[in-house]
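In case you want the letters, here they are:
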Amino acid sequence: MSWTPRRRVLLLGLLALLVGPLLPTVGAWLSGLIWDRGQQLCDLPVPGLLDACGSVRQSAFVLPVAAVLIVTVAALVALWFGAAWCLRPLRYLAEPIRHVGPQNLGHRIRPQGRDELARLARAIDEMMERVSAGYEGQRRFAANASHELRTPLAVQRTLIEVGMSRSLTAEQLELLTSQLLETNERNERLIEGLLALSDCDQGLRSRTPQRLDDIVGSVLTGYQDRARESAVTIDTHLAPRVVVGERVLLERLVTNLVENGIKYNRPGGSLTITVGGTPALSVVNTGQPVPAEAVAGLFEPFRRLAQDRTSHGGGAGLGLAIARSITQAHDGIIAARPAEHGGLRVDVELPAPP
């Protein structure tokens, strides 16, 4: 039989119930034993001992007090070791946790049974799963960011080396500078996206009521020309809707969803944007069909579904990741699913002011 913490505590409590009523009897017996041994000690022919024994006999409370002190100390020592015995499984549990680090995040306790210690160990295993997933996500994010930055930097270096290796005509020089400018703009967008993710992780600086329909309207005004160039029709259904948050971040949220809706659309497609009650914001585009199992991965940084876009803007795959971070910073929920006629539907739920 395994001695679980509950059984250990029950056994210690049972012993306390059995021994507790016997403590007065033990104290009386100990007091009598001290008296008998004291009488024998007083009969020894030692100078001054007889006077000391007389003083003790005159103080009737000395022997009972001494017996109570001895019994109390013995009981405390027994309780100390009993408590240590009951908590020993926790020490066994703490030992492997003490050595957990970045190199062995895969360690799991995997307890057996249903007692409190097993539930605690299972909760620790679940926590380690979340920590491991977060650590792996951060590691993958850093690796992807390094790769995304390394590629355009290598392209820039190659273009500069080509320009320095030989004389260029005016047309070649114009082509070279345009390619360098495009690569530089892509780096700027990537760095801006990384900074946006970092800002969202730090939370909101202020929370004020914002008209979401006004924000969507102002963002769409700046994308009318891009939508016409991509042959995408924008349909809007904007009802008054007030949310609490930062206007700059909410504008970035709407901008990312609108930009993705145009970029991943098809010529002659449509982009439908709805602002209402629940969800607060809905963006639906008519791009290529999106597999349902691939939708969750689209919110991961640097994750792209396909390369055929109506607008080759050189995105870094941070649009939906930033949108998710902004939504979470506003205590909201963002969800996506394949649209009915191809493309993607993204719904954003944001809390209304109290």
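Here the structure is shown first, and the text comes after it.
Attention here is on the structure that accompanies the text. The model shown is predicted, which means the values in this text are computed figures rather than measured ones.

## Focus: the overall build of the chain
Check the secondary structure of the chain and you find eleven helices and seven strands. A total of 354 residues make up the chain; the buried ones form 34% of that total. Taking all contacts inside the chain whose residues are at least 6 apart in sequence as the whole, residues at least 24 apart take part in 70%. With the model as given, the accessible surface of the chain reaches about 21800 Å², and the carbon-plus-sulfur share is 61%.

## Brief notes about the packing of helix α8 (residues 212-221) against helix α10 (residues 247-263)
Relative orientation of the contacting elements α8 and α10 amounts to 55°, with a least axis distance of 9 Å. One element, α8, and the other, α10, form an angle in the oblique class. Classified by chirality, the crossing of α10 by α8 is right-handed. Facing Leu212, Asp214, Ile215, Val216, Ser218, Val219 and Leu220 of α8, the residues of α10 in contact are Arg247, Leu250, Glu251, Val254, Thr255 and Val258.

## Some words on the nonpolar core
Leu212, Leu257, Ile273 and Leu281 are the most contacted members of the largest nonpolar core, which totals 40 residues. Listed by contribution, the elements that provide at least two residues to this core are α8, α10, β4 (270-275), β5 (281-285), α11 (319-329) and β7 (344-349). Ranked by the residues each element gives to this core, the list is headed by α10, at seven residues. What Leu212 contacts, discounting residues up to four positions off in sequence, is Arg241, Val243, Val254, Val275, Ala280, Leu281 and Leu350.

What counts as what
Residues numbered from 1 in each chain as written. Predicted model: local features only at pLDDT ≥ 70, side-chain atom pairs only at ≥ 80, totals over all residues. Heavy atoms only, no water. Helix = DSSP H or I, 4+ residues; strand = E, 2+ residues; numbered from the N terminus. Buried < 20%, exposed > 50% of the residue type's maximum accessible area, 1.4 Å probe, protein only. Contact = heavy atoms within 4.5 Å. Areas by Shrake-Rupley, 256 points an atom, 1.4 Å probe, with all protein chains shown as cover. Axes fitted to C-alpha atoms, helices over the stretch in contact; angles between N-to-C directions. Parallel < 35°, antiparallel > 145°, perpendicular 65-115°, else oblique. Left-handed = near helix turned anticlockwise from the far one by under 90°. Core = buried A, V, L, I, M, F, W, Y, C linked by side-chain atoms within 4.5 Å.

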